[in-house]
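If you want the building blocks of each chain, they are given just below.
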Amino acid sequence: MLAVHLLAFHFTKLKEDQIKKVDRYLYQLRLSDDVLLDVTARFQAEMVKGLGRDTNPTAAVKMLPSFVRSLPDGSEKGDFLALDLGGSQFRAHQVKVFDDGKQSSQLESKFYPTPKEVMQGNGAEVGHCCIAAAALLCCCARLWDMAQLSSLLVQLFDYIADCLSDFMETKNLKHKKLPLGFTFSFPCKQTKLEEGVLLAWTKHFRVRGVQDTDVVSSLRRALQKHQASFVPAGAEPEKVLLGNHLLDIDVDVLALVNDTVGTMMTCGYDDQRCEVGLIIGTGTNACYMEEMRHISLVEGDEGRMCINTEWGAFGDDGALDDLRTEFDRELDLGSLNPGKQLFEKMISSLYLGELVRLILLKMTKEGLLFNGKVSAALLTKGMIEMKHVSAMEKYKEGLSNTKEILTELNLFPSEEDCVAVQHVCTIVSFRSANLCAAALAAILTRLRENKKLLRMRTTVGIDGGLYKTHPKYAQRLHKVVRRLVPTCDVRFLLSQSGSGRGAAVVTAVARRLAAQRRRLDAALAPFLLPPGVLREVRDKMRAELEYGLKRETQAQATVKMLPTYVCGMPDGTEKGKFLALDLGGTNFRVLLVKIKSGRRRSVQMYNKIFAIPLEIMQGTGEELFDHIVQCIADFLDYMGIKGARLPLGFTFSFPCRQASIDKGTLVGWTKGFKATDCEGEDVVDMLREAIRRRNEFDLDIVAVVNDTVGTMMTCGYEDPNCEIGLIAGTGTNVCYMEDMKNIETVEGNEGKMCINTEWGAFGDNGCIDYIRTKYDREVDEGSLNPGKQRYEKMTSGMYLGEIVRQILIDLTKQGLLFRGHISESLRKKGIFETKFLSQIESDRLALLQVRRILQQLGLDSTCEDSIIVKEVCGAVSRRAAQLCGAGLAAVVEKKRENRGVECLQITVGVDGTLYKLHPHFSRILQETVKELAPQCDVTFMLSEDGSGKGAALITAVAKRLHNVGQK
């Protein structure tokens, strides 16, 4: 018993000594966590370099856009074909994807050998009569006449096409047109999903004439060769004759996929958290979902795209030179591509066996192994493969395997030799796992930072023989990754048939997205207004302006063209203290405005805001005006001016028919107001009566003013060329200075008068029904005033959010959004306020923030949902700006014709939150005006408080003109 213990102790001591000896010899291959974190930082820098348009040409890590923009969502279904080229075997697959709620799929495959002559021959000429192609002959003999084969020269892609035709015939798919995904496991530069130019061969492939060409085009040409020059009588045109067999290769190549991307997509089908793909096998690579805004190589910044890092080339620019050992350099010099794929040569199974051989050879030459005796086998390149390394590292039988393998190499190892060789294998494979973990940590960190998360949960889809078959590799990789990125909770999901099934999943997703795109385009098509339609809208608006100005047609006109009795613009001599009231929405303002004239003319304002409760807005008229007077009394007390009888301008932002500047009869409520006993009444008289009822103060009501007129006057105070006012906010309206001779509804022909168009009612007579959508009709029918203010309901902030909500409901019903589930939040009218359009469409807002906005609204969205919502918002707001621009073009053209000039220079004063706060509304409106009124040079000037300052200025101008009249 003692002898056994002594023997075990002796062996353990011997093993420890040998391990220490090897550790000292290979200290450069043992990497500390600090070194690995440094590698992570280096790879992060390489990623940024590869993503940049200017830096990509010199980047070693190419960060190739894959044009895979979406992960599976479980709704994919159908039959698909997949081809997989990337190793010693070529595979053809039929994949059936089921939309059964379980995200299940069925894979049927057939393997074909990839002859050496195909892998390393001339891409244009590969003979089928070679011995290496005999395996192909046995499976395709029924397709080819042997006499023809002796002289036929076939390209690489013809070989692939031959295998596909055989597979389709085997599976009885000849008469089906199926979508196909092509897994091509070599670096390609893609400009779209179904196109890819080969950058370089890897993995022992060296086919001439293929590099720098589009591999999908090559495959399509090869498939087309199966379309015969003649078609037998009765056969369909798609069927072709080859040899003695009628073939039908009717496929649609929809996607070119890297095997790494295929792995991510396969795992993403099973786990929707999967957004990283990793291959550790003959070669190595990783891909992940990157934010589009960071990919300057591709146009657009919406959503995400899978980036194929091609990280095997990491270090090709010298970034890893300090970590590469003499063995790495020797291995590289003896490879088919010296100086290339240096990271891959430190990691992948294609090279690790050779790396072990080179280490053992040097140690033997230095007398550290096998008594210094080198065998011919140890001198032979390729004699130690990864399968040998894995066998030697097995937990229990590793040492016996090591002895057996070394004996086969004629090395006759001692126990010490076996222990040392096993530890060499461990160090080499452990370094591989460490380096792989360091680079993967960089990707995971970038994903977490992109999402702005303190902690991230994600899944890495993984495939490759080294990961699958090595006894300890996976465990080592997982452990090191979790140590390097403790802020990421990572699940490693092994891919099943990733490269084949993944290509089919990519194709299925592409087909789903294409179908979704067609339906989305159909839904949004009515919002796309071509120039011809916008010109028609301009001309119809111009006609309605004329109807409203004429006495005989004004009563029937939808655009009422209301005279405001504002007959002058500020001239700079206005001065004094004025009160201004502003009623136009859910808030009511009272202002004290001090105007100074002269060289240092200025306007000072003091104001207080009061809420108008819904029950007041929709109660009685007496209650509404009593509430207004209560607010005025509070303000006068607040300012200490209750005893002063100040001139007052009343901004009343609703359609009024005026008989003079201080008389305004309400035509009809808008913007949600419904107070009774007001329509048809003079609002100035109602205000005076409410003041008398309170009997606390008296005011000189000089003018009742529309907010649009106030906007024009405010800008006119700064720019005498301003003769148009535009409101684009909660509501929309335009006013302008019209020649008195054109206003038939008012006596007199001299001078000008401001016309309040009240253009929000444009189209109430049906003249623009042909551009109204079903969503516009739904919003109109659900409004407080169905059939009224139709133009306003297509262009103003009060309604745009509701239009968007109606579209989102429709798209959700079609299964294009929110997984087909209409949430209770989405059912709530008014939940989607127009301010959210402005936020969502902001160029500075990442999709992650868009998702957060939607989540605040109770809408659980994916990244793809966010893209669609943003597109819907853009379509609705763009149409609004274009329609507003078309209407304004009609007004400026009228002004030009009034003046009788070839080219008009004019300023438009603008106010309104939609114009001011929406990121694109103002630009699109201005571009539309420029296109539709090319002879008008229009300057747009933002108004500063037109409804308050403007009302005071109108009052001041009215007092000035009144005083002039008295003199």
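Residues numbered from 1 in each chain as written. Predicted model: local features only at pLDDT ≥ 70, side-chain atom pairs only at ≥ 80, totals over all residues. Heavy atoms only, no water.

- The protein is annotated in an unreviewed UniProt entry as hexokinase from Chloebia gouldiae.

**Notes on the overall build of the protein**
Okay, so step 1: A tally of helices and strands in the protein yields 33 helices and 30 strands.
Okay, so step 2: What you see for the protein is a C-alpha radius of gyration of 39 Å, clearly larger than the 30 Å of a compact globule of 967 residues, by over 25%.
Okay, so step 3: The buried share of the protein, taken over its 967 residues, is 58%.
Okay, so step 4: Residue pairs in contact within the protein that sit at least 24 positions apart in sequence constitute 70% of those at least 6 positions apart. (Helix = DSSP H or I, 4+ residues; strand = E, 2+ residues; numbered from the N terminus. Rg over C-alpha atoms; globule rule 2.2 N^0.38 Å. Buried < 20%, exposed > 50% of the residue type's maximum accessible area, 1.4 Å probe, protein only. Contact = heavy atoms within 4.5 Å.)

**Digging into the UniProt feature "domain: Hexokinase N-terminal" (unreviewed entry) in the protein**
Okay, so step 1: Feature annotation in UniProt assigns "domain: Hexokinase N-terminal" (unreviewed entry) to the following positions: residues 22-125, 155-269 and 521-717.
Okay, so step 2: Helix makes up 37% of residues 521-717 and strand 26%, with an end-to-end C-alpha separation of 46 Å. (UniProt positions renumbered as here; feature names shortened; annotations may be inferred.)

**Brief notes about a negative patch on the surface**
Okay, so step 1: A cluster of acidic residues, Glu622, Glu623, Asp677, Glu681 and Glu689, forms a negative patch on the protein surface.
Okay, so step 2: As for its placement among the helices and strands, Glu623 is situated in helix α21 (residues 621-639).
Okay, so step 3: Owing to a relative accessible area of 41%, Glu623 belongs among the partly exposed residues under this scheme. (Patch = residues over 30% accessible without salt bridge, like charges linked within 9 Å, V, L, I, M, F, W, Y side chains within 5 Å. Areas by Shrake-Rupley, 256 points an atom, 1.4 Å probe, with all protein chains shown as cover. Salt bridge = Lys/Arg side-chain N within 4 Å of Asp/Glu carboxyl O. Lys, Arg positive; Asp, Glu negative; His and termini not counted. Charge placed at Lys NZ, Arg CZ, Asp CG, Glu CD.)

**Digging into the packing of helix α18 (residues 531-549) against helix α30 (residues 863-899)**
For any two helices packed against each other, the geometry is given by the interaxial angle and the distance between the axes.
Okay, so step 1: At a closest axis distance of 8 Å, the pairing of α18 and α30 adopts a crossing angle of 55°. Considered as vectors, α18 and α30 are oriented oblique to each other. When the axes of α18 and α30 are compared, the crossing they make is right-handed. Side by side, α18 and α30 meet where Leu534, Val537, Arg538, Met541, Arg542, Leu545, Glu546 and Leu549 of the first sit next to Gln882, Leu883, Ala886, Gly887, Ala889, Ala890, Val891, Glu893, Lys894 and Glu897 of the second.
Okay, so step 2: Across the contact of α18 with α30, the residue classes break down as 10 nonpolar, two polar and six charged. (Axes fitted to C-alpha atoms, helices over the stretch in contact; angles between N-to-C directions. Parallel < 35°, antiparallel > 145°, perpendicular 65-115°, else oblique. Left-handed = near helix turned anticlockwise from the far one by under 90°. Nonpolar A, V, L, I, M, F, W, Y, C, P; charged D, E, K, R; others polar.)

**What about the pattern of salt bridges?**
Okay, so step 1: Evaluated as defined, the whole model comprises 57 salt bridges.
Okay, so step 2: One salt bridge connects Arg542 with Glu546, and the closest N-O pair in it is separated by 3.2 Å. Taken as a pair, Arg542 and Glu546 lie in helix α18 at a separation of four residues, close to a single helical turn.
Okay, so step 3: A relative accessible area of 19% means that Arg542 is categorised as buried.
Okay, so step 4: Given the relative accessible area of 24%, Glu546 is considered partly exposed.
Okay, so step 5: Among the charged side chains, a salt-bridge network with shared partners connects Arg542, Glu546, Glu738, Lys894 and Glu897.

**Details of the domain arrangement of the protein**
Okay, so step 1: Under the domain assignment, the protein is made up of domain 1 (17-46 + 278-486), domain 2 (67-119 + 155-227 + 247-257 + 503-509), domain 3 (517-540 + 770-884) and domain 4 (541-769 + 885-965).
Okay, so step 2: For domain 2 and domain 3, the distance between their C-alpha centres works out to 39 Å. (Domains from an automatic or database assignment.)

**Some points on the state of the cysteines**
Okay, so step 1: Under the definition given, this model contains zero disulfides.
Okay, so step 2: In this structure Cys735 is a free cysteine whose sulfur lies 3.8 Å from that of Cys754, the closest cysteine sulfur available.
Okay, so step 3: The exposure class assigned to Cys735 is buried, which follows from its relative accessible area of 0%. (Disulfide = S-S within 2.5 Å.)

**A word on the environment of Asp521**
Okay, so step 1: Within the secondary structure, Asp521 is located in helix α17 (residues 498-524).
Okay, so step 2: The partly exposed category is assigned to Asp521, whose relative accessible area is 37%.
Okay, so step 3: A C-alpha to C-alpha distance of 33 Å links Asp521 and Asp911, two positions 390 residues apart in sequence.

**Describing the nonpolar core**
Okay, so step 1: By size, the foremost hydrophobic cluster in this structure holds 112 residues, and its most contacted members are Leu278, Ile280, Trp311, Leu444 and Leu477.
Okay, so step 2: If one sorts the elements of this core by residue count, helix α14 (residues 415-450) sits on top with 18 residues.
Okay, so step 3: Residue contributions to this core reach at least three from each of two domains, namely domain 1 (17-46 + 278-486) and domain 2 (67-119 + 155-227 + 247-257 + 503-509).
Okay, so step 4: Residues within four places of Ile280 in sequence aside, it is in contact with Ile347, Cys436, Ile462, Asp463, Gly464, Gly465, Leu466, Tyr467, Tyr473 and Leu477. (Core = buried A, V, L, I, M, F, W, Y, C linked by side-chain atoms within 4.5 Å.)

**Concerning the packing of aromatic side chains**
Okay, so step 1: Inspection of the entire model under this criterion finds 22 aromatic pairs.
Okay, so step 2: By the ring-pair criterion, three or more aromatic residues cluster together here, those being Phe182, Phe184, Phe186, Trp201 and Phe205.
Okay, so step 3: Directly above the aromatic system of Phe430 lies the positively charged group of Arg476, at a separation of 5.0 Å from the ring centroid.
Okay, so step 4: The ring of Tyr638 carries Lys608 above its face, with NZ or CZ at 4.6 Å from the centroid. (Phe/Tyr/Trp six-rings, centres within 6.5 Å; stacked < 30°, edge-to-face > 60°. Lys NZ or Arg CZ within 6 Å of the ring centre and 35° of its normal.)

**A few points about helix α6 (residues 156-170)**
Every α-helical turn comprises 3.6 residues, leaving residues that sit three or four positions apart pointing alike.
Okay, so step 1: When the terminal C-alpha atoms of α6 are compared, their 21 Å separation across 15 residues agrees well with the 21 Å that a helix rising 1.5 Å per residue should span.
Okay, so step 2: The buried fraction of α6 amounts to 13 of the 15 residues, a majority that puts the element mostly inside the structure.
Okay, so step 3: Where α6 ends, the next residue or the one after it, Asn172, has phi of about 60°, a positive value. (Expected span 1.5 Å × (residues − 1).)

**Comments concerning the sheet that holds strand β26 (residues 722-728)**
Okay, so step 1: Pairing within the open sheet is mixed, and its six strands lie in the order β18-β28-β27-β26-β29-β30. Lying at the two open borders of the sheet, with one neighbouring strand each, are β18 (562-563) and β30 (936-942).
Okay, so step 2: Bridge count between β26 and strand β29 (residues 904-911): five bridges; the pairing is parallel. Each bridged residue has a counterpart across the sheet, and for Leu726 the counterpart in β29 is Val910.
Okay, so step 3: Contacts from helix α23 (residues 707-718) reach β26, β27 (732-739), β28 (752-756), β29 and β30, with the element oriented near 135° to β26.
Okay, so step 4: On top of the sheet, helix α32 (residues 921-932) reaches β26 and β30; it is set at about 160° to β30, its chief contact. (Pairing = 2+ DSSP bridges.)

**A short note on the pairing of strand β15 (residues 304-308)**
Okay, so step 1: Buried residues dominate β15, accounting for five of its five residues.
Okay, so step 2: Along β15, one buried face is formed by Arg304, Cys306 and Asn308 and the opposite face, lined by Met305 and Ile307, is buried too.
Okay, so step 3: Of the strand pairs in this sheet, strand β1 (residues 64-65) and β15 are connected by two bridges, and their pairing is antiparallel. The partner of Pro65 across the bridge, within β15, is Ile307.

**Examining the side chain of Thr795**
Okay, so step 1: Note that Thr795 resides in helix α25 (residues 790-795).
Okay, so step 2: For Thr795, a relative accessible area of 2% gives the class buried.
Okay, so step 3: Ignoring anything within four residues of it in the chain, the contact list for Thr795 reads Thr732, Leu800, Ala880, Leu883, Cys884, Leu914 and Phe921.

**Some points on the pairing of strand β16 (residues 456-463)**
Okay, so step 1: Within β16, seven of the eight residues are buried, which leaves the element mostly enclosed by the surrounding structure.
Okay, so step 2: Pairing between strand β13 (residues 274-280) and β16: five bridges, direction parallel. Its bridge partner lying in β16, Leu278 is registered against Ile462.
Okay, so step 3: The pairing of β16 with strand β17 (residues 488-494) spans seven bridges and is parallel. Along β17, the bridge assignment pairs Thr459 with Arg491.

**Side note on the environment of Thr714**
Okay, so step 1: Structurally, Thr714 can be placed in helix α23.
Okay, so step 2: Among the residues examined, Thr714 registers a relative accessible area of 2% and is labelled buried.
Okay, so step 3: For Thr714, the side chain forms a polar contact with the main-chain nitrogen of Gly950, separated by 3.2 Å. (Polar contact = N/O pair within 3.5 Å; in protein donor to acceptor, adjacent residues only side chain to side chain.)

**A look at the packing of α30 against α32**
Okay, so step 1: Taken N-terminus to C-terminus, the directions of α30 and α32 make an angle of 40°; their axes are 8 Å apart at the nearest point. Considered as vectors, α30 and α32 are oriented oblique to each other. The interaxial crossing formed by α30 with α32 has right-handed handedness. Mapping the contact onto sequence places Ser877, Arg878, Ala880, Ala881, Gln882, Cys884, Gly885, Ala886, Leu888, Ala889 and Val892 in α30 and Phe921, Ile924, Leu925, Thr928, Val929 and Leu932 in α32.
Okay, so step 2: Broken down by class, the residue content of the contact of α30 with α32 amounts to 12 nonpolar, four polar and one charged.

**What to know about the side chain of Gln882**
Okay, so step 1: Turning to its location among the elements, Gln882 is positioned in helix α30.
Okay, so step 2: Accessibility expressed as a relative area gives 8% for Gln882, which makes it buried.
Okay, so step 3: If we ignore the near neighbours within four places in the chain, the residues touching Gln882 are Leu529, Leu534, Ile924 and Thr928.

**A look at the sheet that holds strand β22 (residues 647-652)**
Okay, so step 1: Strand order across the open sheet formed by five strands is β21-β20-β19-β22-β25, with mixed pairing between neighbours. Only two strands of the sheet have a single partner each, and these edge strands are β21 (602-611) and β25 (700-705). Sheet twist, expressed as the mean angle between neighbouring strand axes with direction ignored, is 20°.

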